[in-house]
Amino acid sequence: MLSIKIQENDFDPGAIFNSVAYNRKDFGAKVLFTGVVKDFHNSNTIEKLFIEHYPTMAEKQLRKICENTFERWEIMEIHIVHRYGLLEPGDNIVNLVLISRGREEALEGAKFIMDYLKSEAPFWKKEYYGKGQAWVTQKIKDAKNIEVWEK
Amino acid sequence: MLSIKIQENDFDPGAIFNSVAYNRKDFGAKVLFTGVVKDFHNSNTIEKLFIEHYPTMAEKQLRKICENTFERWEIMEIHIVHRYGLLEPGDNIVNLVLISRGREEALEGAKFIMDYLKSEAPFWKKEYYGKGQAWVTQKIKDAKNIEVWEK
Amino acid sequence: MQIYYFSWVRERVGINNENIKTGAKTVGELIAELSSRNENYSFAFSDLKQIKVAIDHVFVDDFNYSIEQAKEIAFFPPVTGG
Amino acid sequence: MQIYYFSWVRERVGINNENIKTGAKTVGELIAELSSRNENYSFAFSDLKQIKVAIDHVFVDDFNYSIEQAKEIAFFPPVTGG
């Protein structure tokens, strides 16, 4: 099962986690990753974070990443929520829940999805500081993470 | 911050997750791993799962594993709950929440803690089937996972 | 052909999207054509190492890629979501 | 000296724990002494590759390890929690 939501509204990570696979008893591991707006970045205090996205492509890319995850590991369900719009420190950005029989698939799958999301899903962040603003630049490390998976 | 609970009672993974670092805004990644009783194992249908533990040592070992995690990665908080007693398929066994600035620390840290918990925390599982019962044997893979971290 | 711009490419170009007719046959030719329009476009496309291209929602790494079948082309910097 | 048994070691020995006095100086000597008591103990310790030892809550890999300072020794199979 695959669920992908791209939305402006907030979400409740704990409630989503508890609702996933509520009636299933055939899985042994359940993993949740939540990305949250930090209050500073590169020594700048962040007051707001704007997330822009390319709607049609964002959904297609997330779907592709998840399909690759299902092919690579025995993962039973993936549930993703990604927000866009104007957020503040402490706000939720992204939520990922996976279930699998063993712990390794779910933990590896979570890393795989987040690595690919960071380098192939069309979302962009702009940070607003007390004075000024700047688009976040992609980390070299994030591009490198993909190379490791491609090997 | 480190919190370790070993208890017979059930816990609410989503509620614990939401309560961790509720007022902090200095982290970017929050990870939850929940281990759940599966309804079958090695083609046997499981009716009950009994978890035995060595109380004083279990807490010490979990603490040691977490301290090693804090030394190895910039992880800000770790919260563990591990149950013992008689459980049923679908029941929660273990709960692990970590927060960190970046996603990689929290995801790697979760894998590290679960790998060490699986091979160094004194808990033992006994499965009850329709007919018969058996102590779970340690997977060779679980011992191997530790070797990789020790390198 | 619908062209979309995102993030600072959008800000530099000054619009979100536009419908154009072009004789350009490749991604590179289209970028050259757009860049020649005015300073906003030439600024947006001044560092091509920072420009990602998607044709009909699929990443295209090669600026020689044909756009003759394309319905929607998007230009944007490396992504930073998650 | 307090001895604890867990999992199938406990089941085979037949008790959870016991307080003993022993002249054994190492883990190995203690195991030999316990095994000589009766069939339950010898069955519990019949496959030493499956026996883990903790002295005062710390894993001990070497059966030659001294137990002369030990207050609490535990015997159990490889752990399977999580």
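Coordinates for the structure precede this section.
Residues numbered from 1 in each chain as written. Chains lettered and ligands numbered in written order. Predicted model: local features only at pLDDT ≥ 70, side-chain atom pairs only at ≥ 80, totals over all residues. Heavy atoms only, no water.

*Asks:* What exactly am I supposed to notice about the interface of chain A and chain C here?
*Replies:* Interface size, as often reported, equals the accessible area lost upon joining of the parts. Each partner contributes to the interface: chain A provides 26 residues, whereas chain C provides 21 residues. Summed over both partners, the interface of chain A with chain C comes to about 1,900 Å²; 58% of that surface belongs to carbon and sulfur atoms. There are two salt bridges connecting chain A and chain C. The salt bridge involving A:Glu52 is made with C:Arg10; its shortest N-O contact spans 2.5 Å. At the boundary of chain A with chain C, the tally comes to 15 residue pairs in polar contact (both at pLDDT 80 or more). Elements that contribute at least two residues to the side of chain A that touches chain C include exactly strand E4 (44-53), helix H2 (55-72), strand E7 (92-100), helix H3 (103-120) and strand E8 (123-129) of chain A. (Contact = heavy atoms within 4.5 Å. Buried area = accessible area lost by both parts, 1.4 Å probe. Salt bridge = Lys/Arg side-chain N within 4 Å of Asp/Glu carboxyl O. Polar contact = N/O pair within 3.5 Å; in protein donor to acceptor, adjacent residues only side chain to side chain. Helix = DSSP H or I, 4+ residues; strand = E, 2+ residues; numbered from the N terminus.)

*Asks:* What exactly am I supposed to notice about the packing of aromatic side chains here?
*Replies:* The description of two aromatic rings rests on the distance between their centres and on the angle between their planes. A full pass over the atoms with the stated rule returns 32 aromatic pairs over all chains. Seen in terms of ring centroids, A:Tyr54 and C:Phe6 are 4.5 Å apart; in terms of plane orientation they differ by 35°. Their pairing is tilted. One end of the pair, A:Tyr54, is in the loop between E4 and H2; the other, C:Phe6, is in the loop between strand E1 (2-5) and helix H1 (7-13), on a second chain. In this pair, the class of A:Tyr54 matches that of C:Phe6, namely buried. With centroids separated by 5.0 Å and ring planes inclined at 85°, the aromatic side chains of D:Phe45 and D:Phe75 adopt a geometry described as edge-to-face. Within this pair, whereas D:Phe45 is found in the loop between helix H3 (39-44) and strand E3 (52-55), its partner D:Phe75 is found in strand E5 (residues 72-76), the two being separated by 30 residues in sequence. In terms of burial, D:Phe45 and D:Phe75 fall into one category: buried. Through pairs of rings, three or more aromatic residues link up here, namely A:Tyr54, A:Trp124, C:Tyr4, C:Phe6, C:Phe59 and C:Phe76. (Phe/Tyr/Trp six-rings, centres within 6.5 Å; stacked < 30°, edge-to-face > 60°. Buried < 20%, exposed > 50% of the residue type's maximum accessible area, 1.4 Å probe, protein only.)

*Asks:* Where do I start with the sheet that holds strand E3 (residues 52-55) of chain C in this structure?
*Replies:* By definition, the strands of a sheet pair up through backbone hydrogen bonds, in either a parallel or an antiparallel sense. All names here are of chain C. Read from one edge to the other, the open sheet built from five strands follows the order E2-E1-E5-E3-E4, with strand pairing classed as mixed. Across the chains shown, the open sheet's two edge strands, defined by having one partner strand only, are strand E2 (17-19) and strand E4 (58-60). Here the average twist between neighbouring strands, direction ignored, is 25°. As defined by bridge partners, E3 adjoins strand E5 (residues 72-76) across four bridges and the pair is classed as antiparallel. Bridge pairing in E5 places Ile55 opposite Ile73. (Pairing = 2+ DSSP bridges. Axes fitted to C-alpha atoms, helices over the stretch in contact; angles between N-to-C directions.)

*Asks:* Help me out: how do you make sense of the relation of the copies chain B and chain A in this one?
*Replies:* One copy of the chain maps onto the other through a rotation about an axis followed by a shift along the same axis. Between the two copies, chain B and chain A, the superposition gives an RMSD of 0.0 Å; the rotation angle is 180° and the shift along the axis is 0.0 Å. Such values leave the two copies arranged in the relation of a two-fold axis. Taking C-alpha positions as reference, the residue of chain B nearest the rotation axis is B:Gly14, located at 1.8 Å. Both copies contact each other with a shared surface, as 100% of the interface residues of chain B are interface residues in chain A too. (Least-squares fit on C-alpha atoms with pLDDT ≥ 70 in both.)

Note that every value here comes from positions in space, so none of it alone points to a role or purpose.
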